[in-house]
Amino acid sequence: MYSSRSGSGSGKVKGRIRTGGCDYLAYALIDAIVDNYFVILEKLGERLEILEEGIDDHPEAGILADIHTIRRELIYLRKQVWPLREIIAHFLKDDVDFIGAATRLFMRDVYDHTIQTIDTIESFRDILSGMQDLYLSIISNRMNEVMKVLTIIATIFIPITFVVGIYGMNFTHMPELTWRWGYLLVWMIILAIVLGMLVFFRRKKWV
């Protein structure tokens, strides 16, 4: 999802530190800090990929906790990068005398990298928000499927309960109770109700 900056040219930087001034040393330290931010972002990107695969394959309750954990880490990282960006922006001002013209070019490059870091953090936060919405949507759809099945079962049993309730009453004069095939007739009525409702649900594409 994200690749870190190339480490080529580190030998040249070490050589310039020995011959450069204090301004170049400040640049080298800041540049090393920003480079480590890219490493952190790369690891966070890998964790986001794992989370995304988990949501697509097996969305479990622990995924939501992982999303909140990574979001807190991104917020913390942004709080560390933002002040550094302001410091570098101050170094780039013309009234700062202790930063040489040559070092100022390097500082501008580091400033661009801090902007890239902040943009990547914001991009990751947007991705996390999308993952959370997707996770909640999947869970909601699962719940709706469960509720639909339970509703269909309850709807089928409502008329059955009505029929059984009528013939479960203890009235003396109920002619159906003395019929020879009354018990079988009640079961036929119940089965007809169940099959009729299932056909109706199938036509409505509810099952």
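These lines cover the structure that appears in this document, whether it is placed above or below. Bear in mind the structure is a predicted one, so any value in this text is a computation, not a measurement. (Residues numbered from 1 in each chain as written. Predicted model: local features only at pLDDT ≥ 70, side-chain atom pairs only at ≥ 80, totals over all residues. Heavy atoms only, no water.)

1. Comments concerning a negative patch on the surface
Applicable threshold: A patch is a set of surface residues, each over 30% in relative accessible area and not in a salt bridge, joined within 9 Å for like charges and within 5 Å for the nonpolar side chains Val, Leu, Ile, Met, Phe, Trp and Tyr. Using the Shrake-Rupley algorithm and a 1.4 Å probe, accessible areas are obtained, with residue cover drawn only from the displayed protein chains. Each reported salt bridge corresponds to a side-chain nitrogen of Lys or Arg within 4 Å of a carboxyl oxygen of Asp or Glu. His is not counted, nor are the chain ends; Lys and Arg add positive charge and Asp and Glu add negative charge. By convention, charge coordinates are those of NZ in Lys, CZ in Arg, CG in Asp, or CD in Glu. Each helix corresponds to a stretch of at least 4 residues labelled H or I by DSSP, and each strand to a stretch of at least 2 residues labelled E; elements are numbered beginning at the N terminus.
Among the surface-exposed residues, E46, E49, E52, E53, D56 and D57 lie close enough to one another that they form a single negatively charged patch. With respect to the secondary-structure elements, E53 resides in helix α2 (residues 22-57).

2. Observations concerning the packing of aromatic side chains
The condition that has to hold: The rule is short: rings of Phe, Tyr and Trp, with Trp giving its six-membered ring, pair when the centres are within 6.5 Å, and they are stacked under 30 degrees, edge-to-face over 60, tilted in between. Only protein chains enter the calculation, and the probe is 1.4 Å; a residue is then buried if its accessible area is under 20% of its type maximum, exposed if over 50%, and partly exposed in between.
Summed over the entire model, instances satisfying the criterion amount to five aromatic pairs. Their ring planes at 55° and their centres at 5.2 Å tell us that Y24 and Y27 sit as a pair that is tilted. Remark: Y27 and Y24 occur in helix α2; sequence separation between them is three residues, near one turn of the helix. The class for Y27 is buried, based on a relative accessible area of 7%. Ring centres 6.4 Å apart and planes at 75° place the aromatic pair Y183 and W187 in the edge-to-face group. Here Y183 and its partner W187 are both found in helix α5 (residues 182-203), four residues apart, which amounts to about one turn of the helix. One aromatic cluster in this structure is built from Y24, Y27 and F106.

3. A closer look at a nonpolar patch on the surface
Residues M143, V146, M147, V149, L150, I153 and F157 make up a contiguous nonpolar surface patch of roughly 650 Å² in combined accessible area. Considering the arrangement of structural elements, one finds M143 in helix α4 (residues 101-167).

4. Thoughts on the packing of α4 against α5
In a packed pair of helices, the relevant descriptors are the angle between the two axes and the axis-to-axis distance. The criterion, for reference: All axes are obtained by fitting lines to C-alpha atoms, using only the stretch in contact for helices, and the reported angles, taken between N-to-C directions, cover 0 to 180 degrees. Note on terminology: angles under 35 degrees are roughly parallel, angles over 145 are roughly antiparallel, angles of 65 to 115 are roughly perpendicular, and the others are oblique. It is the rotation of the near helix from the far one that decides the hand of a crossing: anticlockwise by less than a right angle makes it left-handed, clockwise makes it right-handed. In this description, contact between two residues means that some pair of their heavy atoms is separated by no more than 4.5 Å.
Direction vectors running N to C along α4 and α5 enclose 160°, while the axes themselves pass 10 Å from each other. In terms of orientation, α4 lies roughly antiparallel with respect to α5. As for the relative orientation of α4 and α5, their crossing is right-handed in sense. In this structure, α4 uses I152, T155, I156, P159, I160, V163, V164 and Y167 to contact α5, whose residues at the interface are V186, I189, I190, I193, V194, M197, L198 and F201.

5. A short note on the environment of I30
Relative to the assigned elements, I30 resides in helix α2. Under the relative-accessibility criterion, I30 is labelled buried at 9%. Once the C-alpha coordinates of I30 and V110 are considered, the two residues, 80 residues apart in sequence, prove to be 7.7 Å apart. Once residues lying within four places of it in the same chain are set aside, the contact partners of I30 are L84, I88, F91, M107 and V110.

6. Side note on the pattern of salt bridges
Applying the stated criterion across every chain, the model contains five salt bridges. For the salt bridge of E73 with R47, the shortest nitrogen-to-oxygen distance reads 2.7 Å. Pair noted here: E73 is in helix α3 (residues 61-91) and R47 is in helix α2, with a separation of 26 residues, a long-range link. Residue E73 is classed as partly exposed on the basis of its relative accessible area, which comes to 30%. Residues R85 and E86 are paired through a salt bridge, measuring 2.6 Å at the closest nitrogen-oxygen approach. Since its relative accessible area comes to 39%, E86 is described here as partly exposed. Taken together, the salt bridges that share partners define one network made up of R78, E122 and R125.

Any link to function would need more than the numbers given here.
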